Amino acid sequence: MDQIFKALNDPARRALLDSLRLQDGQTLSQLEAQHDMTRFGVMKHLGVLEDAGLITTRRAGRFKHHFLNAVPLQDVVDRWIEPLLVGPTARGLLDLKNRLEGQPMKPDFVMNTFIRCSQDALWDALTDVDKEVAYHFIATRIERDGNRVIYYTPDDALMLVCTETKVEPKTRIEATFEPAWEGPDMASSRYVYLIEPKDAFCQLTIEHYDLPDGQEGIADGWARMLAGLKTWLETGETVRFSDLEDMHA
C-alpha cells in the first residue's frame, strides 16, 4: 500500500497514468511524445509505477506496451474510501490471421493481482463453477457444459457465455467472452488467465483482447471480479462487489 501512495505522490507519474487512462497499451515512445520529460525520465517513472503494481506491461513483437492496472487502485478505494464499492465485466476472440502468421497481438487491457493462496486453490476457484459463484460480482448461478461456462444474473437472465479454447492446467486459460446482458447481438471478444505461483502467493493476470467499441466498461467488471476472488480466497468471505445498474451504463 505504501508503494502505491508513494507512486501517486509524483505529478509526473499521475500524468502518465492519466495518459494510459485515456489510451491504454501505449509504448514508451508514445508516452514520451506526450510529456515534457526525457526518455530516461519516462522510463524511470514507469518503473516506479510498475513496481507499485499500478501498471503492467506486455510485449508485442519489438514493442513493449504499458497498461493501467486498476486492481491496486480498487484495493485502495475498497480499504480507504468505500469498503463495498464495485462496477461491470469482460471477454475475447482470437484473430485467426494473426495467430497463423505468428503476429503477436496487443491486449486491449491487462490487469493483475497477488493472492495469498496455493496454485491449486486459485485454479479450482477459476474452473469450478460452484466456487466461482461464491465470489462473482453479479452472477448468482453459473453452469458448466463441457468447455462452456454460462453465467446468469440474479433475476435468472442469461448474462454471459465463455467458451474455453485452450487450457494449460494450473497456469493458463484462453476463452471467448460472449456477453448477453443487453441482448443476443452483442459482439464477442477474448480473454486469458495467467497464473504464476510465487512462494506463498499466486499472481493472477488477466489479458483482454478484441474488445468491441462501447464495451470499455468491462474492465471495471474484471476489477470487481478480482476483488471478490481475492477476498474469498484469502478470508473465505463472500463479498459481491456489484452494482447492477452499472451493467446497463
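Residues numbered from 1 in each chain as written. Predicted model: local features only at pLDDT ≥ 70, side-chain atom pairs only at ≥ 80, totals over all residues. Heavy atoms only, no water.

Engineer: Requested: an account of the side chain of Glu-164, with residues and values cited.
Structural biologist: By the secondary structure assignment, Glu-164 is in strand S6 (residues 158–168). At a separation of 2.9 Å, a polar atom in the side chain of Glu-164 contacts the side chain of Arg-144. In this structure Glu-164 touches Arg-144, Asn-147, Val-149, Ile-173, Glu-174 and Ala-175, once residues within four positions along its chain are discounted. (Helix = DSSP H or I, 4+ residues; strand = E, 2+ residues; numbered from the N terminus. Polar contact = N/O pair within 3.5 Å; in protein donor to acceptor, adjacent residues only side chain to side chain. Contact = heavy atoms within 4.5 Å.)

Engineer: Could you give me a rundown of the pairing of strand S3 (residues 109–115), with the residues and numbers involved?
Structural biologist: The buried count for S3 comes to 6 of 7 residues, which makes it a mostly enclosed element. Across 7 bridges, the pairing between S3 and strand S9 (residues 201–209) is antiparallel. Bridge assignment links Thr-113 to a residue of S9, and that residue is Leu-204. (Buried < 20%, exposed > 50% of the residue type's maximum accessible area, 1.4 Å probe, protein only. Pairing = 2+ DSSP bridges.)

Engineer: Quick rundown of the packing of helix H2 (residues 11–22) against helix H4 (residues 39–51)? Include the residues and the values.
Structural biologist: Running from amino to carboxyl end, H2 crosses H4 at an angle of 80 degrees, the nearest separation of the two axes being 10 Å. Between H2 and H4, the interaxial angle falls into the category roughly perpendicular. Contacts from Ala-12, Arg-13, Leu-16 and Leu-17 in H2 reach Val-42, His-45, Leu-46, Val-48 and Leu-49 in H4. Here the contact of H2 with H4 is composed, by residue class, of 7 nonpolar, 1 polar and 1 charged. (Axes fitted to C-alpha atoms, helices over the stretch in contact; angles between N-to-C directions. Parallel < 35°, antiparallel > 145°, perpendicular 65-115°, else oblique. Nonpolar A, V, L, I, M, F, W, Y, C, P; charged D, E, K, R; others polar.)

Engineer: Residue-level account of the environment of Thr-238, with values.
Structural biologist: In this fold, Thr-238 is placed in the segment after helix H9 (218–235). Residue classification places Thr-238 among the partly exposed positions, given a relative accessible area of 42%. Each residue touching Thr-238, except ones within four places of it in the same chain, is listed here: Ala-134 and Trp-232. Among the polar contacts made by the side chain of Thr-238, one reaches the main-chain carbonyl oxygen of Ala-134 at a distance of 2.9 Å.

Engineer: Now, about the pairing of strand S2 (residues 63–68): what can you tell me, with residues and values included?
Structural biologist: With 6 bridges connecting them, strand S1 (residues 55–60) and S2 associate as antiparallel partners. Paired with Ala-60 across the strands is Phe-63, a residue of S2. In this antiparallel pair of consecutive strands, S1 and S2, the connection spans 2 residues, and Gly-61 shows a positive phi of 70 degrees.

Engineer: If you had to explain unusual backbone geometry to someone new, which residues and values would you point to?
Structural biologist: Of note in the backbone geometry, Asp-156 takes a positive phi value of approximately 70 degrees without being a glycine. Inspection of the secondary structure puts Asp-156 in the loop between strand S5 (148–152) and S6. Unusually for a residue other than glycine, Asp-210 sits at a positive phi of about 55 degrees. For Asp-210, the position within the fold is in the loop between S9 and H9.

Engineer: Account for a negative patch on the surface, naming residues and giving values.
Structural biologist: A cluster of acidic residues, Asp-108, Asp-210, Asp-213 and Glu-216, forms a negative patch at the surface. With respect to the helices and strands, the residue Asp-213 is situated in the loop between S9 and H9. In this structure Asp-213 comes out as exposed when scored by relative accessible area, which is 75%. (Patch = residues over 30% accessible without salt bridge, like charges linked within 9 Å, V, L, I, M, F, W, Y side chains within 5 Å. Areas by Shrake-Rupley, 256 points an atom, 1.4 Å probe, with all protein chains shown as cover. Salt bridge = Lys/Arg side-chain N within 4 Å of Asp/Glu carboxyl O. Lys, Arg positive; Asp, Glu negative; His and termini not counted. Charge placed at Lys NZ, Arg CZ, Asp CG, Glu CD.)

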